[in-house]
Every structure is written in C-alpha cells, then in structure tokens.
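Spelled out, the chains give:
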Amino acid sequence: MRAQPPVPARVGPADTPTRVGPADTPAGGRWADAGLISGEAVELDVRAARLGSRVLALLIDVVGQLLCAALLALTLTPVVLILLPDPVVDRAFTGALETLGLVLVLVGYPVAWERLNHGRTPGKLAVGLRVVSADGGPVELRQSLTRALVGVAVEWPGLVLPLLSWVAGVTVMLTDPRGRRLGDLVAGTMVVHTRTTQGWRPAPRIIPPLAGWAATLDLTRLDDALALAVRQYLTRAGQIVEPYRSRLARELWCEVAAVTAPKSPPGVPEPLLLAAVLAERNRRGTLRLRRNRALTATLWPDLHPATPAAVEPPAPGPAPAPAAAPAPAGVRPAVPALRSASPEDSGSPLS
C-alpha cells in the first residue's frame, strides 16, 4: 500500500477532507496515527498502540499463560501416570511433554486467542487493543503464528540472546512510526486501540428567530439516517475546512428541505436551518417519550416506582356537618344513625 501523507483526518464522506486541531487533541497532538485508510480513501481515526499499553497487555497475558501452564500440569500429569506404564514414562518422555506444554503455552495461547477473539488476547481485551493486518484487515492464522514464533525466539521470552533481543525489540518499538515490534514487522501486522478518544459533543441548539418556523415543520418523512447525518455534520463542522464545509451543508439541506415543510425563511444559512430542524425533532421526540412513559406508569405502576414527593398540607375541605340532636325517647330517627362497632356486634351497624 502506498504511503499516505501525514495529514490526520476524521471519518467522513470521501470528498470531504477534515482536519484535527488543538481543540481535538491534547497539546495539539494527533490521535489518528495508525495510518489506516478506508475504502473511500479517508484516513481512519485509529491510534496505534505504543510501548506502555502493550507492556501492560503483555503482563496480563503472562498471568494467563502461567495459569494455563499450571492447569496443564495438574491435568496431564495424572493422566500420563495412570494411562502409561512405568517403562514408558522416562526422562526423555517427560522432557518431550514439558517442551510440548511450553509450546502450547507460549505459542498456542496467543494464536488461539487471536483467532477466536478477533485479534484480542485477554490482556489486549482488558487494555483495549487489537491485532490487525498492516492494511487494517483482520489478522490471519499465518500472521498470528509468525508473530508468536518471533516473539518466543527473539522477543519474549527471548530464547536467542535474551538481553540483546530485549533491547533490540524495545528499540524497534520506540523508533517505528506505528509502534510495531519485530514480530509485527515480520508478520505484516500492527496493534491498534479499539477505544476512541473523541468526546461526545452536543448538537447546536435552535436560535430564537427560527423557533416559530421550526414548530410548524412537518417531520414525518425525515428518517433516522438523514437525521444522523445532520447531527454528525453539526458536531464535526468545526473540523471540516472550507469550501467543503459549506458545500456539504448545502447538500444536506437540499435533502432535508425535500422531506420537510413549510419552506425555510429566506436568507438563513444552511447550518442554522439544519440545527433548527434537528433541535425540533429532538424536542418532539422527548415529548413523545415522556407521554409514553406516563402512559406506561399509569398502566403498569410497578415498572415505574414513584419517587417520594414533598409533603404538602391537606387541601381545605368542607366544614364538618353539625351533629344531629338526639331524638326524643320512643321516636325512631328519620335517618339511621351509625353506632360504634363492638366485639359483640355481628350484624349490621345500623340501629
């Protein structure tokens, strides 16, 4: 693959060059340093893994390899002693088993994990790393096997001149633009970060002069894909250089205007119109969600436990009716009066 010029760019349309400035990276540095290019000739926002993160992943994998070695020793030793006769289990046979176990732990462990877990060993998975091909494709079996063999023989544990091979491996990683080690150079692979460093940015809000027009918009034909494209443009407009930023805004607004009504006020820039449409769509979606939650809380109160509300004084009610005067002796009252219930009462409380 032809080397690309060192111009960092974000993922976006193929004809929209973008840039990364000091506002996006700490101290004006650049994050997209892996040099991976998408099919649309856009440099991907992917960081190459350096020495620190890779050493941390290696330490975690070393712990995993030790556990695998202990598990093999505890399971294979009893099986061999039980199934095989004593004359067979001699010193040469034991040495062969130890060599086989060492190969399985040092070579089989990383190869198996990278093949079964998309280029991620447990250490790389914990740190957020992944092994990929030099062109960004998935790592193949021969590449994983080559990386593991070079790592065992030259780098870790360094069976050939350990101290010299360690110094050579660290020097290669520090001087390589992508932070690759000797195994990566031989196998044609590299290790990249899988976690992005770009923070979430809120979309611009609607300006007050456009609030009345936005409230009358018909957004029934504005689908999620187009709304997502508008949001991505608004959150990344500061990274796009002119004249591509204005041209992309006009193209997006032509698509939005074709599925919305009424027409926009004349003389308003396209980015402000896009922000107004997106803000109105979000506002209506929020109201719809609140209504659905209120309906759900009414039908299924157990799904939405009520929060303790503030204690309010009871509302003033009607004054209690005055007690009726007792009826004269021998005269039955016109309205039956209630009497207090007692343990002896078994019938109606009416007198």
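Anything mentioned here points back to the structure above.
Residues numbered from 1 in each chain as written. Predicted model: local features only at pLDDT ≥ 70, side-chain atom pairs only at ≥ 80, totals over all residues. Heavy atoms only, no water.

### Concerning the overall build of the chain
Link 1 in the chain: Each helix and strand in the chain was counted, giving ten helices and two strands.
Link 2 in the chain: Taken from the N to the C terminus, the helices and strands of the chain come in the order α-α-α-β-α-α-α-β-α-α-α-α.
Link 3 in the chain: A total of 351 residues make up the chain; the buried ones form 30% of that total.
Link 4 in the chain: A sequence separation of at least 24 residues applies to 68% of the contacts in the chain between residues at least 6 apart.
Link 5 in the chain: Surface accessibility of the chain: about 22900 Å² in total, with carbon and sulfur atoms responsible for 67%. (Helix = DSSP H or I, 4+ residues; strand = E, 2+ residues; numbered from the N terminus. Buried < 20%, exposed > 50% of the residue type's maximum accessible area, 1.4 Å probe, protein only. Contact = heavy atoms within 4.5 Å. Areas by Shrake-Rupley, 256 points an atom, 1.4 Å probe, with all protein chains shown as cover.)

### A closer look at the pattern of salt bridges
Link 1 in the chain: A full pass over the atoms with the stated rule returns ten salt bridges.
Link 2 in the chain: In this structure, R147 and D184 form a salt bridge, with 2.7 Å as the shortest nitrogen-oxygen distance. Placement of R147 in helix α4 (residues 141-155) and of D184 in helix α6 (residues 182-187) is noted, with a sequence separation of 37 residues between them. Comparing R147 with D184 shows no difference in burial state: the two are buried.
Link 3 in the chain: A salt bridge links R181 to E155, with the shortest nitrogen-to-oxygen separation between them at 2.2 Å. (Salt bridge = Lys/Arg side-chain N within 4 Å of Asp/Glu carboxyl O.)

### Topic: the pairing of strand β2 (residues 189-193)
Link 1 in the chain: Most of β2 is tucked away: five of the five residues are buried.
Link 2 in the chain: Here β2 shows no split at all, with T189, V191 and H193 on one side and M190 and V192 on the other all buried.
Link 3 in the chain: As judged from the five bridges shared by strand β1 (residues 129-133) and β2, these two strands associate in the antiparallel manner. Its bridge partner lying in β2, R130 is registered against V192. (Pairing = 2+ DSSP bridges.)

### Quick word on the packing of helix α1 (residues 51-83) against helix α2 (residues 91-116)
Link 1 in the chain: Axis separation between α1 and α2 bottoms out at 10 Å; the angle between their running directions is 145 degrees. Relative to α2, the crossing made by α1 is right-handed. Here D61, G64, Q65, C68, A69, L72 and V80 of α1 come into contact with α2, specifically with F93, L97, G101, L104, V105, L106, Y109 and P110.
Link 2 in the chain: Residue composition of the contact of α1 with α2, grouped by class: eleven nonpolar, three polar and one charged. (Axes fitted to C-alpha atoms, helices over the stretch in contact; angles between N-to-C directions. Left-handed = near helix turned anticlockwise from the far one by under 90°. Nonpolar A, V, L, I, M, F, W, Y, C, P; charged D, E, K, R; others polar.)

### Describing the nonpolar core
Link 1 in the chain: By size, the foremost hydrophobic cluster in this structure holds 24 residues, and its most contacted members are W213, Y233, L234, W253, V256, L274 and V277.
Link 2 in the chain: In terms of residue count, helix α10 (residues 270-299) provides more of this core than any other element does, six residues in total. (Core = buried A, V, L, I, M, F, W, Y, C linked by side-chain atoms within 4.5 Å.)

### A few points about α2
Link 1 in the chain: The terminal C-alpha atoms of α2 lie 35 Å apart, and with 26 residues this matches the ideal 38 Å at 1.5 Å per residue to within 8%.
Link 2 in the chain: Along its length, α2 shows its largest kink, about 45 degrees, at G108, and proline P110 lies within four residues downstream of that point.
Link 3 in the chain: Residues of α2 that are buried: G101, V105, L106, V107, Y109, P110, V111 and E114.
Link 4 in the chain: Where α2 is buried, its residues contact α1, α3 (122-127), β1 and α4.
Link 5 in the chain: Immediately beyond the C-terminal end of α2, within one or two residues, lies H118, with a positive phi of roughly 55 degrees. (Expected span 1.5 Å × (residues − 1). Bend = angle between axes of the 7 residues up to and from the residue.)

### Considering helix α5 (residues 162-175)
Link 1 in the chain: Taking 1.5 Å per residue as the helical rise, α5 with its 14 residues ought to reach 20 Å, and the 20 Å between its terminal C-alpha atoms agrees with that figure.
Link 2 in the chain: Those residues of α5 not exposed but buried are S165, G169, V172 and M173. Within α5, the buried residues cover an arc of 95 degrees as seen down the axis, which keeps them to one side. Opposite the buried face of α5, at more than 90 degrees from it, the exposed residues are L163, L164, L174 and T175.
Link 3 in the chain: Packing partners of the buried residues in α5 comprise α1, α4 and α6. (Arc of directions from axis to C-beta.)

### With respect to the environment of P177
Link 1 in the chain: On the secondary structure map, P177 appears in the loop between α5 and α6.
Link 2 in the chain: Since its relative accessible area comes to 63%, P177 is described here as exposed.
Link 3 in the chain: Note: C-alpha distance between P177 and R50 (127 residues apart in sequence) is 9.6 Å.
Link 4 in the chain: Not counting residues up to four positions away in its chain, the partners in contact with P177 are D33 and R50.

### Thoughts on the environment of C68
Link 1 in the chain: Assignment of secondary structure puts C68 in helix α1.
Link 2 in the chain: With a relative accessible area of 31%, C68 lands in the partly exposed category.
Link 3 in the chain: In this structure, the C-alpha to C-alpha distance between C68 and V105, residues 37 residues apart in sequence, is 6.7 Å.
Link 4 in the chain: Sequence-distant contacts of C68, defined by excluding residues within four places in its chain, comprise V105 and Y109.

### Observations concerning unusual backbone geometry
Link 1 in the chain: Put simply, E242 and P243 share a cis peptide bond, and its omega is 5 degrees.
Link 2 in the chain: Relative to the assigned elements, P243 resides in the loop between α8 (224-236) and α9 (244-258).
Link 3 in the chain: Cis geometry is found at the peptide bond from A261 to P262, where omega equals 0 degrees.
Link 4 in the chain: Relative to the elements of secondary structure, P262 occurs in the loop between α9 and α10.

### Considering a nonpolar patch on the surface
Link 1 in the chain: A surface patch of nonpolar side chains, about 510 Å² in accessible area, is lined by L58, W156, L163, W166 and V167.
Link 2 in the chain: The leading source of residues in the nonpolar patch is α5, at three residues.
Link 3 in the chain: Here W166 is to be found in helix α5. (Patch = residues over 30% accessible without salt bridge, like charges linked within 9 Å, V, L, I, M, F, W, Y side chains within 5 Å.)

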